[in-house]
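Each chain, written out:
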Amino acid sequence: MSNEADQRMYDEVLDVLDKLRPFLQRDGGDVELVDVENGVVKLRLMGACGSCPSSTITLKAGIERALLEEVEGIQEVIQVF
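Since we're looking at a predicted model, the values are computed, not measured.

**Examining the pattern of salt bridges**
On inspection of all chains with the given rule, the structure shows six salt bridges. For Asp18, the salt bridge goes to Arg21, with nearest N and O atoms at 2.6 Å. Linking Asp18 with Arg21, this pair stays in helix 1 (residues 4-26), spanning three residues, or about one helical turn. What makes Arg21 buried here is its relative accessible area of 18%. Salt-bridge contacts for Arg21 lead to Asp30; the nearest nitrogen and oxygen are separated by 2.7 Å. Look at the salt bridges and you will find they share partners, linking Asp18, Arg21 and Asp30 into a network.

**Regarding the environment of Val77**
By secondary structure assignment, the location of Val77 is in strand 3 (residues 76-79). Given a relative accessible area of 0%, Val77 falls into the buried group. As for Val77 and Arg65, which are separated by 12 residues in sequence, their C-alpha atoms are 9.1 Å apart. Beyond its immediate chain neighbours, meaning those up to four positions away, Val77 contacts Val41, Leu43, Leu59, Lys60, Glu64 and Leu67.

What counts as what
- Residues numbered from 1 in each chain as written.
- Predicted model: local features only at pLDDT ≥ 70, side-chain atom pairs only at ≥ 80, totals over all residues.
- Heavy atoms only, no water.
- Salt bridge = Lys/Arg side-chain N within 4 Å of Asp/Glu carboxyl O.
- Helix = DSSP H or I, 4+ residues; strand = E, 2+ residues; numbered from the N terminus.
- Buried < 20%, exposed > 50% of the residue type's maximum accessible area, 1.4 Å probe, protein only.
- Contact = heavy atoms within 4.5 Å.

Encoded structure:
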């Protein structure tokens, strides 16, 4: 993380992911926050979510949408492996 704004976003992203995590875990998956830098959130999908053919939809339509709505300053969510 490069600055205070990134640290604030990091903490807020963790809060949102904690709300979403039970839905992912119900399907055998999970998500790990890797980093937040300049409004870009880097996530690692794990378990069933890591290999699921619908993981891109989960990432973009589910997680990214929730983060954009709830955390000011988020520009994009990307998956890292």
